[in-house]
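What follows is each chain in one-letter form.
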Amino acid sequence: MKLLDGTKFAEMVQMGSHHLTQNADFVDSLNVFPVPDGDTGTNMNLSMISGAKETQANAQNHIGKTAQSLAKGLLMGARGNSGVILSQLFRGFGKYLEKESEINAKQFAQAFQAGVDAAYKAVMKPVEGTILTVAREAAAKGVETAEHEDNIVKVMEAIVEEAKNSLQRTPNLLPVLKEVGVVDSGGQGLVIIYEGFLASLKGEALPQKSKVDNLEELVNAEHHRAQEFMSTEDIKFGYCTEIMVRFEPEKEPFDEGKFREDLSKLGDSLLVVSDDEIVKVHIHTETPGVVLNEGQRYGSLIKIKVDNMREQHSAIVNKEKTESRPKEKHPYAVVTVSMGEGISDMLKSIGASYVIEGGQTMNPSTEDIVKAVKEIGAEKVLILPNNKNIIMAAEQAVELLDIEAAVVPSKTIPQGMAAILAFNPEASVEENKEAMTEAMASVKTGQITCAVRDTTIDGVEIHKDDYMALADGKIIDSTSNMLDAARNLLSQLVEDDTEIVTMIYGEGVSEEDVNAIVGFVEEQYPDVELEIIDGKQALYPFIFSVE
């Protein structure tokens, strides 16, 4: 193939997106931290789907215009750091080709290189051993190959081969990858997209979609049926629980019939699908922890999702009433991101103008953030991501807004709380950004969450289902007892000059658990003021703010 047009490129995009969708869970499993919300694959997949939809809707024979459509879709749909970097790669790609109706092998390779250049410029502190390295080395090989090869398929083959080789080298560039024994997850996602591109160019079929991958469609259908004509009080089993288990030879041999029978006793709306390597489960239950334990009889939990359906259903029922009310306008607004209903209420109570639901379990896209700002009609806005994986999407949103806007780079809910309290409506956007960023520095964040696999990080030995204690993002302890983990974490965070500790407790935490921590703080730190918030957040039983 000597020339590539927009129609064929659109087919490549669809194939790349489809291939990533099939493998998103695998990419998620490569996240370094063994936390249940590792979501690189999910973020890249949702970003790529947005790009593919825009491409499909506006595909034409002019490759420059088709590439611009991909860039636009990716830009607006970008979620998480991996999704933003992906959008920048194809933003540069599209910009390079914008005037071309069709391209040759050299132009094809140079477009990949232009994408790399754009992505490196967009990242303030580029880190090698990541998706950036894989993209850069693959593009360089493509440019080198195109010097002596005019077949576009051959150039793409070289790009894919070098991307795979580069991916395997990532643990040598990032010590934490080698320590944990994985390759970079973002780099893996990019390799998968490129594999789809190549398969499309060669007219080859990708591996057939496993029946396991159909669970999402089945769940959507199940929920659609279940929510019709139902009141919140009618919900007997309140937690929508989804798990994915990778089978392990040393565990109990998997028997789908027995597994299904055991789970059927725990709730309703049960869906179980499996292949030779993994099983996916969806169930509505009152005891999600028991479901997790049942899954672990056969292997490792590689994905966990638990939603409180009573809270969700109440929100759905009240949505029409809420939407019918005129939105309050905020000439000077603070837009922030939350990860639980209780946390959202708290953020609004201390001054947030608009709270985007998302955070740990579902990173909002660039478009979500732009829409939130436009909805409240702000003339000036400060955006608080409250998650390090949302900062780049927020910064990208600022570029798309035609008002005065800035990102206050909060990485946690406690940092966001401190920043909002420092907001001054009389100050300029830049003055507020500086003051709010400074306020964040006075707060320490502690988090408790569950480990989804065995590993060792920074000398801390971690076992599946341990409760990990994170102090400002660093794992400092891992133990089988949740309360012990919380006590150990507070012992690390609280110092002689600490004045206030705010405890935000999440789903599944009992009154006895809360009282146990209250007792510990009162006994160990009698001069410290303790504030308690029912955050209703998933996956993180405790979040502590220490200041």
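For the structure itself, consult the block above.
Calculation criteria
Residues numbered from 1 in each chain as written. Predicted model: local features only at pLDDT ≥ 70, side-chain atom pairs only at ≥ 80, totals over all residues. Heavy atoms only, no water. Axes fitted to C-alpha atoms, helices over the stretch in contact; angles between N-to-C directions. Helix = DSSP H or I, 4+ residues; strand = E, 2+ residues; numbered from the N terminus. Parallel < 35°, antiparallel > 145°, perpendicular 65-115°, else oblique. Left-handed = near helix turned anticlockwise from the far one by under 90°. Contact = heavy atoms within 4.5 Å. Pairing = 2+ DSSP bridges.

Notes on the packing of helix α5 (residues 105-122) against helix α7 (residues 152-173)
Line of reasoning, step 1. For the pair α5 and α7, interaxial distance at closest approach is 9 Å and the crossing angle is 30°. Accordingly, the angle class assigned to the pair α5 and α7 is roughly parallel. Every pair of crossing elements has a handedness; the one defined by α5 and α7 is right-handed. Counted together, Ala105, Phe108, Ala109 and Phe112 of α5 and Ile152, Val155, Met156 and Ile159 of α7 form the full contact between these two elements.

Digging into the packing of helix α1 (residues 6-28) against helix α2 (residues 40-58)
Line of reasoning, step 1. One can describe the packing of α1 onto α2 by two numbers: an axis separation of 8 Å at closest approach and a directional angle of 165°. Considering their axes alone, α1 and α2 lie roughly antiparallel with respect to each other. The two elements α1 and α2 meet at a crossing, and its hand is left-handed. Note on element contacts: α2 touches α1 through Thr40, Gly41, Thr42, Met44, Asn45, Met48, Ile49, Ala52, Thr55 and Gln56, opposite Ala10, Val13, Gln14, Ser17, Leu20, Thr21, Ala24, Val27 and Asp28.

Section: the sheet that holds strand β8 (residues 354-357)
Line of reasoning, step 1. Overall, parallel pairing links the four strands, which are arranged β8-β7-β9-β10 in an open sheet. With one partner strand each, in any of the chains shown, β8 and β10 (404-407) form the two edges of the open sheet. Neighbouring strand axes in the sheet, compared pairwise and without regard to direction, differ in orientation by 20° on average.
Line of reasoning, step 2. The sheet contact formed by strand β7 (residues 332-338) and strand β9 (residues 380-384) spans five bridges and is parallel. Note on β9: the bridge partner recorded for alanine 333 is valine 381.
Line of reasoning, step 3. Lying on the sheet, helix α17 (residues 413-421) is in contact with β7 and β9; it crosses β7 at an angle near 165°.

Some thoughts on the environment of alanine 122
Line of reasoning, step 1. By secondary structure assignment, the location of alanine 122 is in helix α5.
Line of reasoning, step 2. Expressed as a C-alpha distance, the spacing of alanine 122 and methionine 392, which sit 270 residues apart in the sequence, is 9.0 Å.

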